[in-house]
Amino acid sequence: MSGTGIVRRVDELGRVVIPKEIRRVLGIKEGTQIQILMSEGGEMTLKKYSPVEEKQSKMKEVCDILSVKTGLGVAVCDDYKITAAGGALKGIVGKEISESFYRALEERRSGLYDNITLTKDGSIVGKKQYVVPIMAAGDLYGGLIMTASDNVGEKNIAVCDVAAKMLELEINA
């Protein structure tokens, strides 16, 4: 781990302010959950907490099953990056999500989109996308996206909605 050279004081309530530049680079917004990790050597590490990423193996399994059964690209993301994918979207795992994709998730409702850019590097896979936010206790944790070259289809939308609900239950477990 390398130091950034930034020093902050702990206030009377035990709070430390994370500098704006670091929050911007790491995609930490107001309400972002931070995990505090302690090493045996007494070092403390702050890590952006993602319940979606924590359940990555389950998310990957869901993406693989959905992509095989529907023949479409499927991915799961947290509020920052793609955490699991199947089918045509396998190559975007680990990439940061785009602002337009994040805005679609922030609407907090499922929807069909045309040519939405999925990642910050400009990846657009498929001409049609169906986006389902993954929420728990009213908080947005990420989303499930299904892409198609022409039409996602009503049956695939229904399957995607059920899968997203299952993922929400997994996060709440």
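Residues numbered from 1 in each chain as written. Predicted model: local features only at pLDDT ≥ 70, side-chain atom pairs only at ≥ 80, totals over all residues. Heavy atoms only, no water.

### Let's talk about the overall build of the protein
- A tally of regular secondary structure across the protein gives five helices and seven strands.
- In sequence order, the protein lays out its α and β elements as α-β-β-α-α-β-β-α-β-β-β-α.
- Taking the principal axes of its C-alpha atoms as reference, the protein extends roughly 55 × 35 × 25 Å.
- Scored against the burial criterion, the 173 residues of the protein give a buried share of 41%.
- With an accessible surface of roughly 10,500 Å², the protein has 52% of that area assigned to carbon and sulfur atoms.
- In the protein, which carries 24 positive and 24 negative side-chain charges, the distance between the mean positions of the two groups comes to 3 Å. (Helix = DSSP H or I, 4+ residues; strand = E, 2+ residues; numbered from the N terminus. Buried < 20%, exposed > 50% of the residue type's maximum accessible area, 1.4 Å probe, protein only. Areas by Shrake-Rupley, 256 points an atom, 1.4 Å probe, with all protein chains shown as cover. Lys, Arg positive; Asp, Glu negative; His and termini not counted. Charge placed at Lys NZ, Arg CZ, Asp CG, Glu CD.)

### Some words on the nonpolar core
- Counting residues in each nonpolar core, the largest one holds 23 residues, and the members touching the most others are Val 76, Leu 144, Val 152 and Leu 167.
- Among the secondary structure elements, those contributing two or more residues to this core are α3 (56-70), β3 (73-77), β6 (128-136), β7 (139-148) and α5 (154-172).
- Ranked by residue count, the leading element in this core is α5, at six residues.
- Setting aside its immediate chain neighbours within four residues, Leu 144 contacts Leu 66, Val 74, Ala 75, Val 76, Tyr 130, Val 131, Val 132, Ile 134, Cys 160, Ala 163, Ala 164 and Leu 167.
- Grouped together as the second largest cluster of nonpolar side chains are 19 residues, Ala 75, Ile 92, Tyr 102 and Tyr 113 included. (Core = buried A, V, L, I, M, F, W, Y, C linked by side-chain atoms within 4.5 Å. Contact = heavy atoms within 4.5 Å.)

### Examining the state of the cysteines
- This structure, assessed with the given rule, holds zero disulfides.
- Cys 63 forms no disulfide, and the closest cysteine sulfur to it belongs to Cys 160, at a distance of 9.3 Å.
- The exposure class assigned to Cys 63 is buried, which follows from its relative accessible area of 0%. (Disulfide = S-S within 2.5 Å.)

### Observations concerning the packing of aromatic side chains
- Using the criterion set out here, one finds zero aromatic pairs in the structure.
- Over the aromatic face of Tyr 102 sits the side chain of Lys 29, whose NZ or CZ is 4.5 Å from the ring centroid. (Phe/Tyr/Trp six-rings, centres within 6.5 Å; stacked < 30°, edge-to-face > 60°. Lys NZ or Arg CZ within 6 Å of the ring centre and 35° of its normal.)

### Regarding helix α4 (residues 99-106)
- Turning to α4, its buried residues are Phe 101, Tyr 102, Ala 104 and Leu 105. Viewed along the axis of α4, the buried residues span an arc of 155°, placing them on a single side of the element.
- Buried-residue contacts for α4 involve β3, β4 (82-86), β5 (111-114), β6 and β7.
- Once α4 finishes, Arg 108 follows within two positions and takes phi at roughly 60°, a positive value. (Arc of directions from axis to C-beta.)

### Thoughts on the pattern of salt bridges
- Taken as a whole and judged by the stated rule, the model has seven salt bridges.
- Lys 60 is paired through a salt bridge with Asp 64; the nearest N and O atoms lie 2.7 Å apart. Here Lys 60 and its partner Asp 64 are both found in helix α3, four residues apart, which amounts to about one turn of the helix.
- Overall, Lys 60 belongs to the partly exposed group, its relative accessible area being 32%.
- Measuring nitrogen to oxygen at the nearest pair gives 3.2 Å for the salt bridge that ties Lys 120 to Glu 96. Pair noted here: Lys 120 is in the loop between β5 and β6 and Glu 96 is in the loop between β4 and α4, with a separation of 24 residues, a long-range link.
- By relative accessible area, which is 54% here, Lys 120 ends up exposed.
- Among the residues examined, Glu 96 registers a relative accessible area of 29% and is labelled partly exposed. (Salt bridge = Lys/Arg side-chain N within 4 Å of Asp/Glu carboxyl O.)

### A word on the side chain of Thr 147
- Along the chain, Thr 147 turns up in strand β7.
- By relative accessible area, which is 4% here, Thr 147 ends up buried.
- Once residues within four sequence positions are removed from consideration, Thr 147 is found in contact with Leu 72, Gly 73, Leu 89, Leu 118, Val 125, Gly 126, Lys 128 and Gln 129.

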